[in-house]
Amino acid sequence: MDDGFLMEVCVDSVESAVNAERGGAGRIELCAGLVEGGTTPSMGLLQVVKQCVRVPVFVMIRPRGGDFLYSDREVEVMKADIRLAKLHGADGLVFGALTEDGRIDTELCTALLAVCRPLPVTFHRAFDMVHDPLVALETLISLGFERVLTSGCDSSALEGLSLIKRLAEQVWNRVSARCVTSGLFPPGGGITERNLQRILEGSTASEFHCSARSARDSGMKFRNPNVAMGASFSAPEYSIKVADVAKVRTLNAIAKNIL
């Protein structure tokens with residue numbers, strides 16, 4: 001935060017993590033399955049990323065894609081993944097859990113936060129699926145989450161900008177000393193070089209979250225066009241998306257000029 005802001009880049013590979021740091025990211029959110037919005041990465045990935053970068057690495061704890069209503073067995077998986085992530089050097093954790101009626105699952109979040117201690121925890125974009133974001137925010141602050149990643153409950157942070165600003169105003173004069181209000185709501189979702197300035201100026205945020213990825217062609221020379229390794233909507237096998245150093249640097253420069 002030496003420059004008055006912090007850029008967090010979500011990555012799903014060692015290459016992307018290294019590129020994010022080279023471009024100026026101040027923190028990494030490590031995930032698998034970015035096509036699904038991010039799921040828990042392998043511990044092997046965490047270990048190698050920690051060997052290759054020096055910035056803090058926050059680990060996504062999400063056992064599957066889809067909704068944020070978890071079964072008892074899924075909760076056990078989440079607790080086990082938190083313990084393993086801590087063991088293998090995670091600097092922070094990222095998770096979210098909701099009840100069936102779209103409220104924060106306070107009982108589950110309390111239990112997971114206890115397993116996470118003493119590491120800081122971000123409540124991820126499950127927040128964008130809550131029934132009442134203003135009430136949900138009060139709950140998350142009382143539970144002790146350090147930050148809430150949000151697109152303002154809309155399709156992108158730009159579209160949800162008015163709510164992000166309203167959330168910040170709601171707690172501006174009363175968050176505890178350990179919470180810096182401008183860093184409590186890092187906007188995330190659809191952030192690009194074209195809209196970052198508007199988002200930062202409109203949200204008063206001092207942190208933001210992005211993937212800053214570009215597609216690069218696979219190194220495979222032999223290719224079988226008749227087979228796909230996932231569902232029809234999945235990314236093609238011979239195009240790999242990685243964090244783009246130039247994009248990260250550009251976003252960094254834009255933020256420095258604003259904040």
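Data block above holds the structure.
Please read these numbers as outputs of a predicted model, since none were measured by experiment.

J.: For this particular structure, what's the right way to read the pattern of salt bridges?
T.: Two side chains bearing opposite charge may form a pair once their charged atoms approach each other closely. Considering all chains together, one arrives at 10 salt bridges under this definition. Between Arg64 and Asp67 there is a salt bridge whose closest N-O contact spans 3.0 Å. The class for Arg64 is partly exposed, based on a relative accessible area of 23%. For the salt bridge of Arg223 with Asp217, the shortest nitrogen-to-oxygen distance reads 2.9 Å. Residue class for Asp217 comes out exposed when judged on its relative accessible area of 52%.

J.: Help me understand the nonpolar core, please; the structure alone is not making it clear to me.
T.: In a soluble, globular protein the nonpolar side chains are often hidden away together inside. Of all hydrophobic cores here, the largest spans 68 residues; its most connected members are Val9, Phe95, Phe123 and Phe208. When residues in this core are grouped by element, the largest group, 6 residues, is from helix H4 (residues 106-116). Not counting chain neighbours up to four residues away, the residues in contact with Phe123 comprise Phe95, Gly96, Ala97, Leu98, Ile104, Cys109, Leu140, Phe145, Arg147, Val148 and Leu149.

J.: Got a minute to help me understand the side chain of Asp128 in this structure?
T.: Mapped onto the elements of the fold, Asp128 is located in the loop between strand S5 (121-123) and helix H5 (133-143). Residue classification places Asp128 among the buried positions, given a relative accessible area of 10%. A polar contact of 2.8 Å, which involves the side chain of Asp128, links it to the side chain of Arg125. For Asp128, the side chain forms a polar contact with the main-chain nitrogen of Ser151, separated by 2.9 Å. In this view, Asp128 contacts Thr150, Ser151, Gly152 and Cys153; residues no more than four positions away in its chain are not counted.

Definitions and cut-offs
Residues numbered from 1 in each chain as written. Predicted model: local features only at pLDDT ≥ 70, side-chain atom pairs only at ≥ 80, totals over all residues. Heavy atoms only, no water. Salt bridge = Lys/Arg side-chain N within 4 Å of Asp/Glu carboxyl O. Buried < 20%, exposed > 50% of the residue type's maximum accessible area, 1.4 Å probe, protein only. Core = buried A, V, L, I, M, F, W, Y, C linked by side-chain atoms within 4.5 Å. Helix = DSSP H or I, 4+ residues; strand = E, 2+ residues; numbered from the N terminus. Contact = heavy atoms within 4.5 Å. Polar contact = N/O pair within 3.5 Å; in protein donor to acceptor, adjacent residues only side chain to side chain.

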